[in-house]
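# Descriptive analysis of the structure
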Amino acid sequence: MARVGMRLPERFDALDPAVIEDPYPTYERLRAQGPLCRMGPASFGVTRYADVAALVRDPRLGSEFPPLYHEMSAGDGPAAAFFQRIILYRDPPAHTRLRRLMSKAFSPGLVRGLREHIGDLVDELLDPAAERGWFDAVEELAFPLPVLVVCELMGIPRADRSEVRPHALNLSKAFAAMVPEADRADADASVLWLRNYLAELLAQRSKAPSRDLLSLLLAAREGDDRLTEEEIVDNAVFSFFAGFETTANLLASGCAALLEHPGELARLRADRGLLPTAVEEFLRYDAPIQGTARLVRSPVEVGDHTVRAGRVLVLLLGSANRDERQFGDPGRLDVGRDPNPHVSFGGGLHHCMGAALARVEGAVAFGRLLDRFGAIEPAGPALRRTNTTFRAYASVPVRVA
């Protein structure tokens, strides 16, 4: 990878407990040393904003990995097979076709129509907090809200949601960069359960269409082309994951950030017009997904290094979002930061399809939280989830009045 005589970049361990707790000092040191760091075998992390922002759009990088890659990452069960079929890990022309057809269901109107309902759900979730004077922002808001929203989108009956919830939580284990052996059985079981459940629901919708996402995916067509039942089921399972995990982390991290920065909380309370920029800043300040992997299909230059075909580049979104070359005072939370060209939603062909929904959920949730309570303070230390490669919290205790 490196040119002759050049020193190899430093190795970066994303699962180091210190990195899971706070990766940003490590990112800063890595950026200062160069644009690349070493990760796993034949795998390199890209640390700086300019490189990451360019590479998420570079056609020389692909997202479609060989089966062996997924088997090494997740085992040889249903999870690895599932990854080989979903839109996240497909390249053109398959990706182009899937995105074109799926975009017909993920319309802007679908998101706009949910705004008021999301507000009602937030109010319902906050009712117990108003009575008690405290709540856990993870367990009582950040996690249940996006699960409820994605269940509504999919048309999952209320009676089934308590059964769906643990499988949704376990599904996040499957999306780790390297699924630990101890988690692989849970990941496989959740993928299999959700596929079977949504396949049954899809069969019902094929006989009696509704206005939910599954029905819209069934109806999506361009000429004679339409999604197969297997494509709908696999990508509905992926959309289920993408619709709750990243948004849950955005909501939890945003709550934690505001509690740590009461001045910014007061600023947001005084000017609700800052809600959209605040959501963008939460995404930049502590990106829910810290990195995304790409397969090098033809050689690319990153700084003074040439990365050969067949290597894996992990685009470190979290590091790029804190790059002092791009963002002024990047370690400071600024709810009015504008412009804010963070890369938390990726870019190019694989720009997140759920970005608009995540932004709406975030703005509505934080807005309703401020409307409901005149005082919002920490009720204890926030605790990180340690069994995930996402920037996630296990608990964010909040005192309200």
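One can find the structure itself at the top, above this paragraph.
Definitions and limits used
Residues numbered from 1 in each chain as written. Predicted model: local features only at pLDDT ≥ 70, side-chain atom pairs only at ≥ 80, totals over all residues. Heavy atoms only, no water. Salt bridge = Lys/Arg side-chain N within 4 Å of Asp/Glu carboxyl O. Helix = DSSP H or I, 4+ residues; strand = E, 2+ residues; numbered from the N terminus. Buried < 20%, exposed > 50% of the residue type's maximum accessible area, 1.4 Å probe, protein only. Phe/Tyr/Trp six-rings, centres within 6.5 Å; stacked < 30°, edge-to-face > 60°. Lys NZ or Arg CZ within 6 Å of the ring centre and 35° of its normal. Polar contact = N/O pair within 3.5 Å; in protein donor to acceptor, adjacent residues only side chain to side chain. Pairing = 2+ DSSP bridges. Axes fitted to C-alpha atoms, helices over the stretch in contact; angles between N-to-C directions. Contact = heavy atoms within 4.5 Å. Expected span 1.5 Å × (residues − 1). Parallel < 35°, antiparallel > 145°, perpendicular 65-115°, else oblique. Left-handed = near helix turned anticlockwise from the far one by under 90°. Nonpolar A, V, L, I, M, F, W, Y, C, P; charged D, E, K, R; others polar.

## Thoughts on the pattern of salt bridges
Counting across every chain of the model gives 35 salt bridges. The salt bridge involving Arg29 is made with Glu10; its shortest N-O contact spans 2.6 Å. Of this pair, Arg29 sits in helix H2 (residues 24-33) while Glu10 sits in the segment before helix H1 (17-21), and the two are 19 residues apart along the sequence. Judged by relative accessible area, Arg29 falls into the partly exposed class, the value being 39%. One salt bridge connects Arg385 with Glu245, and the closest N-O pair in it is separated by 3.5 Å. Taken as a pair, Arg385 in the loop between strand E12 (383-384) and strand E13 (393-395) and Glu245 in helix H14 (residues 229-260) lie far apart in primary sequence, 140 residues in all. Judged by its relative accessible area of 18%, Arg385 falls in the buried class. Counted as one network, the salt bridges with shared partners bring together Arg97, Arg100, Lys104, Glu222, Asp225 and Glu231.

## Comments concerning the packing of aromatic side chains
Going through the model one piece at a time under the given rule, you end up with 17 aromatic pairs. Seen from their ring centres, Phe82 and Phe83 are 5.6 Å apart, and the 45° between their planes marks the pair as tilted. You can call Phe82 buried: its relative accessible area is 0%. Seen from their ring centres, Phe240 and Phe244 are 6.1 Å apart, and the 70° between their planes marks the pair as edge-to-face. Of this pair, Phe240 and Phe244 both sit in helix H14, 4 residues apart, which is roughly one turn of the helix. When its relative accessible area of 0% is taken as the criterion, Phe244 is described as buried. In this structure, Arg322 is placed above the aromatic ring of Tyr24, and the distance from its NZ or CZ to the ring centre is 3.7 Å. Stacked on the ring of Tyr285, the Lys or Arg Arg322 has its end atom at 4.3 Å from the ring centre.

## Overview of the side chain of Arg294
Here Arg294 lies in strand E7 (residues 292-296). A distance of 3.0 Å separates a polar atom in the side chain of Arg294 from a polar atom in the side chain of Thr292.

## Quick notes on the sheet that holds strand E11 (residues 376-378)
Strand order in the open sheet formed by 3 strands is E4-E14-E11, and the pairing between neighbours is antiparallel. Since the sheet does not close on itself, it has two edges, and those belong to strand E4 (134-136) and E11, each with one partner. Recorded for the sheet is a direction-independent mean angle of 30° between the axes of neighbouring strands. Here helix H8 (residues 115-132) sits on the sheet in contact with E4 and strand E14 (397-400), set at roughly 140° to E4.

## A short note on the environment of Asp224
Residue position: Asp224 is located in the loop between strand E5 (221-222) and strand E6 (225-226). Separated by 132 residues in sequence, Asp224 and Pro92 have C-alpha atoms that sit 19 Å apart.

## Points about helix H11 (residues 161-174)
Taking 1.5 Å of rise per residue, 14 residues should cover 20 Å, and H11 covers 20 Å from first to last C-alpha, within 8% of that figure. Within the sequence span of H11, burial applies to Arg161, Val164, His167, Ala168, Leu171, Ser172, Lys173 and Ala174. Lining the buried residues of H11 we find helix H5 (78-83), helix H10 (144-154), helix H12 (181-207) and H14.

## Notes on the environment of Glu264
Mapped onto the elements, Glu264 comes out in helix H15 (residues 262-270). C-alpha separation for the pair Glu264 and Glu281, spaced 17 residues apart in sequence, amounts to 11 Å. Setting aside residues up to four positions removed in sequence, Glu264 forms contacts with Leu258, Leu333, Asp334 and Val335. Among the polar contacts made by the side chain of Glu264, one reaches the side chain of Arg267 at a distance of 3.0 Å.

## Considerations on the packing of H8 against H10
One way to put it is that H8 packs onto H10 with a least axis distance of 10 Å and a crossing angle of 140°. Comparing their axes, H10 and H8 come out oblique. You can see that H8 and H10 cross each other, and the crossing is right-handed. On the side of H8, the interface is formed by His117, Ile118, Leu121, Val122 and Leu125, while H10 contributes Pro144, Leu145, Leu148, Val149 and Glu152. Its residues assigned to classes, the contact of H8 with H10 shows 8 nonpolar, 1 polar and 1 charged.

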